[in-house]
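# Structural overview
Chain by chain, the residues:
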Amino acid sequence: MKTEDSEGTEDMDQASRTDRTDRTDQASRTDHTGHTGHTGRTGHTNQASRTDQANQVTEADHAEHADHAEHADHAERTRTTGGPPPLAPPPPLPPPTRSEPARRQGRHDLTAAVLAALLVAAAILVGRSVQNRTGTLHVQWPPLLASWDPHLGPGTPAALTLAVLLVAYGPPLAARLPWRRLLAAAWAGSTAWVFSMALIDGWHRGVERRLTTKHEYLRVIDRFEDIPATLRDFANHIVIGEPGNWPAHVAGHPPGATLTFVWLDRVGLGGGAWAAVWCVVVGSSAVLAALVTVRVLADENLARRAAPFLVLAPAAVWAGVSADGYFTAVAAWSVALLALAATRRVRFPAAAAVGGGLLFGWTCYLSYGLGLMAAVLLAVLVLARTARPVVPFLLGALVVPAAFTLAGFNWWTAYHLLVERYYQGAGGVRPYAYWVWANLACAVLAAGLAAVAGVRRSAAYAPGAVRALRTGTTAPAHRLALLVLAALVALLAADLSGMSKAETERIWQPFLLWLLPAAALLPARTARYWLVASVVPALLINHLLWTGW
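What you see is a predicted model, and the numbers here were worked out from it, not measured in a lab.

### Section: the layout of surface pockets
- The volume enclosed by the largest pocket comes to roughly 1,300 Å³.
- Secondary-structure elements contributing two or more residues to the lining of the largest pocket are α8 (248–251), α14 (323–343), α19 (411–424), α22 (476–496), α23 (504–507) and α24 (509–512).
- The residue inventory of the lining of the largest pocket, partitioned by class, reads 23 nonpolar, 13 polar and 9 charged.

### Digging into a nonpolar patch on the surface
- Taken together, the side chains of Trp148, Val532, Val536, Leu540 and Leu544 define a hydrophobic patch exposed on the protein surface, amounting to about 450 Å² of accessible area.
- With 4 residues, helix α25 (residues 527–544) is the single largest residue contributor to the nonpolar patch.
- Tracing the backbone shows Val536 in helix α25.
- Note on Val536: relative accessible area 41%, which makes it partly exposed.

### Considering the confidence of the model for the protein
- Scored by pLDDT, the protein has a mean of 87; 82% of the residues are at 70 or more.
- Taken as a whole, residues 1–87 scores under 50 in pLDDT and shows 29 contacts with residues more than four places along the chain or in a different chain.

### Focus on unusual backbone geometry
- For the bond from Pro142 to Pro143, the omega torsion is 5°, close enough to zero to count as cis.
- If you trace the backbone, Pro143 turns up in the loop between α3 (100–134) and β1 (146–148).
- In this structure, the amide linkage connecting Gly320 to the following residue, Val321, adopts the cis form with an omega of 0°.
- Mapped onto the elements of the fold, Val321 is located in the loop between α13 (316–319) and α14.

### Quick word on the packing of aromatic side chains
- Under the counting rule described, the total for this entry stands at 20 aromatic pairs.
- Summarising the aromatic geometry, the rings of Tyr368 and Tyr415 are spaced 5.8 Å apart at their centres and angled 55° between planes, so their arrangement reads as tilted. With Tyr368 in the loop between α15 (349–364) and α16 (374–384) and Tyr415 in helix α19, this pair connects stretches of sequence that are 47 residues apart.
- Assessed through its relative accessible area of 24%, Tyr415 is described here as partly exposed.
- Taking the centre distance of 4.9 Å and the plane angle of 80° together, the rings of Tyr434 and Trp435 count as edge-to-face. Take Tyr434 and Trp435: they sit in the same class, and that class is buried.
- Grouped by ring-pair contacts, the aromatic residues Phe224, Phe234, Trp246, Trp263, Trp362, Tyr365, Phe404 and Phe409 constitute a single cluster.

### With respect to α15
- A rise of 1.5 Å per residue sets the reference length of α15, with its 16 residues, at 22 Å; its end C-alpha atoms lie 23 Å apart and thus fit the reference within 8%.
- Taken residue by residue, α15 has Pro349, Ala352, Ala353, Gly355, Gly356, Gly357, Phe360, Gly361, Trp362, Thr363 and Cys364 as its buried positions.
- Of the surrounding secondary structure, the elements contacted by the buried residues of α15 are α9 (255–266), α14, α16, α17 (390–397), α18 (399–407) and α19.

### A word on helix α10 (residues 272–284)
- Over its 13 residues, α10 extends 18 Å from the first C-alpha to the last, a length consistent with the 18 Å expected when each residue adds 1.5 Å.
- By the burial criterion, the buried members of α10 are Gly272, Ala275, Ala276, Cys279, Val280, Gly283 and Ser284. Buried residues in α10, looked at end-on, bunch into an arc of 145°, giving them a common side.

### What about the side chain of Thr260?
- With respect to the element layout, Thr260 can be found in helix α9.
- A relative accessible area of 6% places Thr260 in the buried class.
- A distance of 3.0 Å separates a polar atom in the side chain of Thr260 from the backbone oxygen of Gly256.
- Not counting chain neighbours up to four residues away, the residues in contact with Thr260 comprise Trp278, Tyr326, Trp362 and Leu366.

### Examining the packing of helix α4 (residues 155–176) against helix α5 (residues 179–199)
- For the pair α4 and α5, the least separation of the axes is 9 Å and the interaxial angle reads 155°. Looking at the two axes, α4 sits roughly antiparallel to α5. The chirality of how α4 crosses α5 is left-handed. Packed against α4, whose contacting residues are Gly155, Ala158, Ala159, Leu162, Ala163 and Ala174, the element α5 presents Leu182, Ala192, Trp193, Ser196, Met197 and Leu199 at the interface.

### What to know about empty space enclosed by the protein
- Taken as a whole and assessed by the stated rule, the structure comprises 2 cavities of 30 Å³ or more.
- Here the largest cavity defines a volume of roughly 250 Å³.
- Along the wall of the largest cavity there are 23 residues; nearest its centre are Gly283, Ala313, Ala315, Ala319 and Gln509.
- Elements that contribute at least two residues to the lining of the largest cavity include exactly α5, α10, α11 (286–297), α12 (300–311), α13, α14, α20 (432–447) and α24.

### Considerations on the nonpolar core
- Ranked by internal contacts, the top residues of the largest apolar core, which has 159 residues, are Trp193, Met197, Phe261, Leu291, Met373, Phe409 and Trp514.
- The dominant element in this core, judged by the number of residues it contributes, is α14, at 13 residues.
- Every residue in contact with Phe261, bar those within four places of it in the chain, is listed here: Leu211, Tyr217, Leu218, Ile221, Ala275, Cys279 and Ala323.

Definitions and limits used
Residues numbered from 1 in each chain as written. Predicted model: local features only at pLDDT ≥ 70, side-chain atom pairs only at ≥ 80, totals over all residues. Heavy atoms only, no water. 1 Å grid on protein atoms, 1.4 Å probe; cavity = no way out; pocket = protein on both sides within 12 Å on 5 of 7 lines; lining within 4 Å. Points joined across faces, edges and corners; volume = space filled by probe spheres on them. Helix = DSSP H or I, 4+ residues; strand = E, 2+ residues; numbered from the N terminus. Nonpolar A, V, L, I, M, F, W, Y, C, P; charged D, E, K, R; others polar. Patch = residues over 30% accessible without salt bridge, like charges linked within 9 Å, V, L, I, M, F, W, Y side chains within 5 Å. Areas by Shrake-Rupley, 256 points an atom, 1.4 Å probe, with all protein chains shown as cover. Salt bridge = Lys/Arg side-chain N within 4 Å of Asp/Glu carboxyl O. Buried < 20%, exposed > 50% of the residue type's maximum accessible area, 1.4 Å probe, protein only. pLDDT = per-residue confidence, 0-100. Contact = heavy atoms within 4.5 Å. Phe/Tyr/Trp six-rings, centres within 6.5 Å; stacked < 30°, edge-to-face > 60°. Expected span 1.5 Å × (residues − 1). Arc of directions from axis to C-beta. Polar contact = N/O pair within 3.5 Å; in protein donor to acceptor, adjacent residues only side chain to side chain. Axes fitted to C-alpha atoms, helices over the stretch in contact; angles between N-to-C directions. Parallel < 35°, antiparallel > 145°, perpendicular 65-115°, else oblique. Left-handed = near helix turned anticlockwise from the far one by under 90°. Core = buried A, V, L, I, M, F, W, Y, C linked by side-chain atoms within 4.5 Å.

What follows is the structure, given as structure tokens:
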């Protein structure tokens, strides 16, 4: 095997031979030129030319010997010092600089976050003024349904530890874990995060009793002994003043919500603890549905970058423990299955479409307002540029409504009675002029500042995304931006309806979930900063306030 020094010697020998040959050729050409240009010269002249040539060859030999001597001296120095003589260090590279457009985008992100924080501050200050003066907001710590109650709990160490670990290691782990392991880790991380936040309020108050209070579903389990009869009579107990009117949450939702806990009780998982575990474990799977959807509609890189923000969602304050977390997961898996069917990223696309339709039908019988998720479902079809799954999806979506209708429950009748019930209670007193914008402050607290900055980027991408969509040349970021904006449209429709005045930090979880992946549009180098900006307010809320529903 050749060494570096031997290769250098060969190169230098070759150079010497080349140099000698070149100079010999040059001498020959000189001799030839002289002979041609002066034909009258004598043989003495030719002999002088040959003598000159010999002298030039001798000079080339001397040059070759000098090169060998120089190389020998270099080799000697190498053997003596153990290596070649040190070279001067290269000049340092200039520090990397961000382009002006990137800096401008970063400033716009920060501006959006600051404006969102000012919106929250305004909702707090104006809300306290209105509540102290008129009492019409019907919340003790506006804009949140909460009361001042600084406290620590058994979940505090776990929540703080998870927050630190996920901020520090979440982004790099999400970037390099195999996809299936990432999904498993995201589900486990989200479940642990929600449980730890709930346990800040203690096991009894924060978990076991959450779904057994006077407004909750478990209060009426015994009234569903005969399920068909109860469904036929369900709408007769929605309005206040009717005999045996339902508690607020039972009256405010279709019977699918209550039936979930009835069935849990029937299989031996009755009581508040099992109901809480169900809501948290199933609800946390919404993170997986969002990751799958972003991966197939945008790309895997954006899904991986969104994962830490989905796991550390500030909405965990209200997901642990409420049935709205469970509703969120059902709606999210409806979207994910439709996305898999539309992009044909699953073995049986038609079956996935039917499954998505079944879940959407069930979603509409968990909450009246979740029919607005149709905006996100429509966005899935538009982004996939196909209508193939529509028919099987609709067939699946008709199953649940048909079953409830045949059992005697009329969704539309119940909804109109709910509107009457809503205005009989706090909904008829709470001022629309305050809540129509204060609801958005609640959404900021539940989604986090990272989602706010990501939504801003989504809005900035929207014009170009729409133009690219027409030609089928959308980039992954464009598709993610349009998916996020579709969820924002659904949220704004719910806000403008006037049927969501207060408590939107909890009620809007199914919409807020789809705003969180927008954080993947932010620069990767800033991910940890945005995670901190979202997680710290959530931890403060859970430790300083008692959040109720």
